[in-house]
Amino acid sequence: MTETARGTRITELGRVAVTVADQDRALDFYVGTLGFEKRADVPFDDGHRWIEVAPTGGAAAIALVLPREGQSAGGAETGIILVSEDIDADHATLRARGVDTDPEVMRWGAPVPPMFGFRDPDGNGIMIVENAEG
C-alpha cells in the first residue's frame, strides 16, 4: 500500500511512558516484582536516564520516565492492559508480594475477560486481563 492509501506509515505500538518519582525503585518493581525484562537503561542529557521494561518476549515496552518540570509522578490510570495466562495465579502472586492490587479478580462473564487492577509504587494504575485461551 502507498502512504496515501494507509494514511500514515505507523506500524506498531512501541512503548508507553509511565511517570515515576524514582527510576531505580520503579525498575526494581517492574523487573524484580513483576518479572519484566529490562530492555534499556541509558543515560542521556545531563543526568537523565531512558529506561524501558517489558514482559519477556512482549512487543511493546513501558518507558519509566521522570515527570516533566511542573508535573507530578504517578497517580494516574495509565490505560495499560497486560495479558495473563492464569489471572488467579498472578493475582495471588502479586498480592503475596505486597503489590497494591484490587481485592479480587473481577468476573462479568463473556465476552469480558476476568481482570484485576494494580498500582505500581507511584500509584500508576495498570490492568491485567486473562488471555481468552487462558
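Notes on the structure in this doc start here. (Residues numbered from 1 in each chain as written. Predicted model: local features only at pLDDT ≥ 70, side-chain atom pairs only at ≥ 80, totals over all residues. Heavy atoms only, no water.)

Once that is clear, we can look at the overall build of the protein. Of the regular secondary structure elements, the protein holds three helices and eight strands. Along the first, second and third principal axes, the C-alpha set of the protein runs to 45 × 45 × 30 Å. Taking all 134 residues of the protein together, the buried fraction comes to 33%. At a minimum sequence separation of 6, the contacts of the protein that also span at least 24 residues come to 49%. For the protein, the accessible area works out to roughly 8300 Å², and carbon and sulfur atoms hold 51% of it. Averaged over its 12 positive side-chain charges, the protein has a centre that lies 3 Å from the centre of its 23 negative ones. (Helix = DSSP H or I, 4+ residues; strand = E, 2+ residues; numbered from the N terminus. Buried < 20%, exposed > 50% of the residue type's maximum accessible area, 1.4 Å probe, protein only. Contact = heavy atoms within 4.5 Å. Areas by Shrake-Rupley, 256 points an atom, 1.4 Å probe, with all protein chains shown as cover. Lys, Arg positive; Asp, Glu negative; His and termini not counted. Charge placed at Lys NZ, Arg CZ, Asp CG, Glu CD.)

What follows is about the pattern of salt bridges. Opposite charge on two side chains allows them to pair when their charged atoms are near. According to the stated counting rule, one finds eight salt bridges in the structure shown. For Asp 102, the salt bridge identified is with Arg 119, shortest N-O distance 3.2 Å. One end of the pair, Asp 102, is in the loop between β6 (100-101) and β7 (115-119); the other, Arg 119, is in strand β7, and 17 residues separate them in sequence. Connected via shared salt-bridge partners are Asp 24, Asp 41 and Arg 49. (Salt bridge = Lys/Arg side-chain N within 4 Å of Asp/Glu carboxyl O.)

By size, the foremost hydrophobic cluster in this structure holds 22 residues, and its most contacted members are Tyr 30, Val 53, Ile 62, Leu 64 and Phe 118. For this core, the secondary structure elements donating two or more residues are α2 (23-33), β3 (48-54), β4 (61-65), β5 (77-84), α3 (87-96), β7 and β8 (125-130). Looking at which element gives the most residues to this core, the answer is α2, with four residues. When neighbours within four sequence positions are excluded, Leu 64 is seen to be in contact with Val 18, Val 20, Gln 23, Ala 26, Leu 27, Tyr 30, Ile 51 and Val 53. (Core = buried A, V, L, I, M, F, W, Y, C linked by side-chain atoms within 4.5 Å.)

What follows is about the sheet that holds β8. Taken together, four strands build an open sheet; the order of strands is β5-β8-β7-β6 and the sheet is mixed. The sheet is open, and its two borders are formed by β5 and β6, each paired with just one other strand. Pairing analysis gives five bridges linking β5 to β8, with the strands arranged parallel. Opposite Ile 81, over in β8, you have Met 127 as the bridge partner. (Pairing = 2+ DSSP bridges.)

Looking now at a nonpolar patch on the surface. A surface patch of nonpolar side chains, about 260 Å² in accessible area, is lined by Val 42, Phe 44 and Trp 50. One can find Phe 44 in strand β2 (residues 37-44). (Patch = residues over 30% accessible without salt bridge, like charges linked within 9 Å, V, L, I, M, F, W, Y side chains within 5 Å.)

Right, let's get into α3. Within the span of α3, buried status applies to Ile 87, His 91 and Leu 94. Considered in projection along α3, the buried side chains sweep an arc of 70° and stay on one side of the axis. Tucked inside the fold, the buried residues of α3 contact α2, β5, β6, β7 and β8. Taken from the residues just after α3, Gly 98 is the one with a positive phi, measuring 85°. (Arc of directions from axis to C-beta.)

Next up on the list: the environment of Pro 67. The residue Pro 67 is located in the loop between β4 and β5 in this model. Through-space distance from the C-alpha of Pro 67 to that of Thr 8 is 29 Å; in sequence the pair is 59 residues apart. Excluding anything up to four places from it in sequence, Pro 67 contacts Thr 19, Val 20, Ser 72 and Ala 73.

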